[in-house]
Amino acid sequence: MAKKKTKMQFRYYTMAPGSQVLALLGEDEWRREYGKDEQGRYIPELHFHNYMEVGICHDGRGKTILRNEEYEFKEGSIAIVPPNFPHNNVSEYGTTGFWEWMFFDMENILLDMKEMSHNNLDVEYLKNTIYDAPLFFRQEEYPQIANLILEIRDECERKVYMYHEKLRGLLQAFTVELLRIRNIRDEMSRKNPRNIQIVPAIEYVKAHYAEEIRIQDLADVCNISTSHFRKIFQECMHMPPNDYVNAIRVYEAARILLKTHLSMEETAYRVGYESVSTFTRNFKKIMGMTPYQWKKSPDNYAGQMLNFKISALKGW
């Protein structure tokens with residue numbers, strides 16, 4: 001007997017001429033028990049679209065299925081799914097979720113970028129890079145692209161004066177940020193396949209270095225235990241997580257000291273240190289001089305920034 005084929009739905013959308021994004025918004029339309037049809041019957045099959053889909057979860061819990069992988073969705077989850085990529089959402093039994101959806105015409109966005117760029121962008125290569133795999137994350141893991149997605153969503157809803165022009169810029173910024181994420185993940189994966197596991201922690205530190213950061217926070221965004229996270233981070237970055245956090249803070253402080261006239265107290269606070277003594281101790285340990293020496297004679301030490309950056313990011 002022939003094996004029964006798995007059903008797959010193709011959900012096709014059309015965009016208005018000249019548009020690069022189609023937004024399907026509104027709680028009345030998109031709050032539902034995902035995984036069931038309007039008659040309440042369970043829908044086991046996956047589906048795919050003709051455009052790249054960006055989904056924002058505002059409420060609810062359940063699982064997002066991306067081909068053979070499953071992820072837990074909850075408030076703050078974002079899914080970026082390439083066209084023709086099988087996927088589905090299934091709410092926890094008896095609960096509803098609230099997602100909103102946008103579809104991006106990436107080919108036209110990239111062609112638009114090529115027209116505006118002085119560089120000869122390889123549209124086909126960039127498109128293939130973007131479509132290589134889906135991306136599922138929480139907003140705090142990749143705050144830059146999450147903020148762009150939310151701003152695009154708001155522009156699509158409000159449609160205020162010159163919103164088409166604003167959307168054009170936002171969509172290009174989104175595309176650049178997505179390509180950067182792909183590049184970081186690919187580079188880390190090539191150097192060490194385990195690197196990919198700590199990418200969310202790297203992004204979290206970049207976004208939250210001015211706040212209190214616990215090892216548990218970093219382990220949580222990577223969805224692994226604290227002990228396992230420490231081991232993998234040391235293996236991939238050649239330094240403990242706390243040393244990496246301090247390195248990023250000191251690097252940002254050095255930049256601030258070169259560009260502003262802020263006091264040491266204010267600089268320390270801006271990069272996440274509660275006391276100047278702790279800030280000074282970590283700065284000297286990493287840079288080989290006190291922040292006062294750095295600020296007094298920046299021309300003598302500016303070259304060390306390059307060496308510091310290379311060593312701090314070793315293992316990426």
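An account of the accompanying structure is given in this report. Just so we're clear, the structure is a prediction, and the values are computed from it rather than from any experiment.

## A short note on the pattern of salt bridges
- This structure, assessed with the given rule, holds 21 salt bridges.
- Across the pair Glu155 and Arg158 runs a salt bridge whose closest N-O atoms are separated by 3.1 Å. Separated by three residues within a single helix, Glu155 and Arg158 lie in helix H4 (residues 143–158), roughly one turn from each other.
- Glu155 sits in the buried class, given a relative accessible area of 5%.
- Given a relative accessible area of 47%, Arg158 falls into the partly exposed group.
- Connected through salt bridges with shared partners, the residues Glu100, Arg153, Asp154 and Glu157 form a single ionic network.

## Concerning the environment of Met102
- Its location among the elements puts Met102 in strand E10 (residues 97–104).
- Taking the C-alpha atoms as reference, Met102 lies 5.5 Å from Leu22; in sequence the two are 80 residues apart.
- The contacts of Met102, once residues within four sequence positions are left out, are Val21, Leu22, Ala23, Met52, Glu53, Val54, Ile56, Ile149, Ile152 and Arg153.

## A word on helix H9 (residues 241–259)
- With 19 residues, H9 should cover 27 Å at 1.5 Å per step; its first-to-last C-alpha distance of 28 Å lies within 8% of that length.
- Of all 19 residues in H9, 14 are buried; the element is thus mostly enclosed.

Cut-offs applied
- Residues numbered from 1 in each chain as written.
- Predicted model: local features only at pLDDT ≥ 70, side-chain atom pairs only at ≥ 80, totals over all residues.
- Heavy atoms only, no water.
- Salt bridge = Lys/Arg side-chain N within 4 Å of Asp/Glu carboxyl O.
- Helix = DSSP H or I, 4+ residues; strand = E, 2+ residues; numbered from the N terminus.
- Buried < 20%, exposed > 50% of the residue type's maximum accessible area, 1.4 Å probe, protein only.
- Contact = heavy atoms within 4.5 Å.
- Expected span 1.5 Å × (residues − 1).

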